[in-house]
Amino acid sequence: MIGKLSEEDRAVALADLPQWTSVAEPEGISRRFTFTDFVGAFGFMTRVAILAEKADHHPEWSNVYNRVDILLTTHDAGGLSQRDIDLAHAIDALAD
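Structure report, in brief. Every value quoted in this text rests on a predicted model; they were computed, and no experiment measured them.

Locating Arg 31 in the fold gives a position in strand β2 (residues 28-34). According to the relative accessible area criterion, Arg 31 is buried, its value standing at 14%. A polar contact is formed between the side chain of Arg 31 and the side chain of Asp 92, at a distance of 2.5 Å. With residues up to four places along the chain from it excluded, the contact list for Arg 31 reads Gln 19, Trp 20, Val 68, Asp 69, Ile 70 and Asp 92.

In this structure, Trp 20, Ile 29 and Ile 91 are the most contacted members of the largest nonpolar core, which totals 20 residues. Within the residue set of this core, elements represented by two or more residues are α1 (7-15), β2, α2 (38-55), β4 (67-72) and α3 (82-95). Excluding residues that lie within four positions of it along the chain, Trp 20 makes contacts with Ile 29, Ser 30, Arg 31, Phe 33, Ile 70, Leu 72, Ala 88, Ile 91 and Asp 92.

For β2 and β4, the ladder comprises 6 bridges, and the chain directions are antiparallel. What sits directly across from Ser 30, in β4, is Leu 71. Pairing geometry for strand β3 (residues 60-64) and β4, over 5 bridges, is antiparallel. Across the sheet, the residue bridging to Ser 62 is Asp 69, located in β4. The antiparallel hairpin formed by β3 and β4 contains 2 residues in its connecting segment, where Tyr 65 sits at a positive phi of about 45°.

With that settled, the discussion passes to the sheet that holds β3. Read from one edge to the other, the open sheet built from 4 strands follows the order β1-β2-β4-β3, with strand pairing classed as antiparallel. In this open sheet, the two strands that pair with only one neighbour each are β1 (21-23) and β3. Strand-to-strand twist in this sheet, taken as the mean axis angle between neighbours without regard to direction, amounts to 25°. Sitting on the sheet, α2 touches β2, β3 and β4, and the angle it makes with β3 is about 165°. Taken strand by strand, α3 contacts β2 and β4, and its axis lies near 10° from that of β2.

With that settled, the discussion passes to the environment of Val 39. Note that Val 39 resides in helix α2. Note on Val 39: relative accessible area 64%, which makes it exposed. With 31 residues separating them along the chain, Val 39 and Ile 70 place their C-alpha atoms 17 Å apart.

Looking now at the packing of α2 against α3. Relative to each other, α2 and α3 sit at 145°, their axes nearing to 10 Å. Regarding α2 and α3, the two cross each other, and that crossing is right-handed. Touching Phe 44, Arg 47, Val 48, Leu 51, Ala 52 and Ala 55 of α2 are Arg 83, Leu 87, Ala 90, Ile 91, Leu 94 and Ala 95, all from α3. Across the contact of α2 with α3, the residue classes tally to 10 nonpolar, no polar and 2 charged.

Quick notes on the rules
Residues numbered from 1 in each chain as written. Predicted model: local features only at pLDDT ≥ 70, side-chain atom pairs only at ≥ 80, totals over all residues. Heavy atoms only, no water. Helix = DSSP H or I, 4+ residues; strand = E, 2+ residues; numbered from the N terminus. Buried < 20%, exposed > 50% of the residue type's maximum accessible area, 1.4 Å probe, protein only. Polar contact = N/O pair within 3.5 Å; in protein donor to acceptor, adjacent residues only side chain to side chain. Contact = heavy atoms within 4.5 Å. Core = buried A, V, L, I, M, F, W, Y, C linked by side-chain atoms within 4.5 Å. Pairing = 2+ DSSP bridges. Axes fitted to C-alpha atoms, helices over the stretch in contact; angles between N-to-C directions. Left-handed = near helix turned anticlockwise from the far one by under 90°. Nonpolar A, V, L, I, M, F, W, Y, C, P; charged D, E, K, R; others polar.

Dropping the structure here:
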């Protein structure tokens, strides 16, 4: 089982993810992505879904037209884990 990050590890990890915001409930991180249209947003979600499935770690997310909101948390760990940090970096790489 993967463990929840300590406060120190969380701070270090978030320093490398400046566009992600800390969330208290459920404890995790979130980011909003904005695209030119629905097709761009949905295509991005498809690419993230493939990454998430390969990692066996799935985001909580929503899509409204050109926006995708993503929340990453590890329910089994009771909060933010290294799996969330790794997925956030992978998602950021897709968005660039």
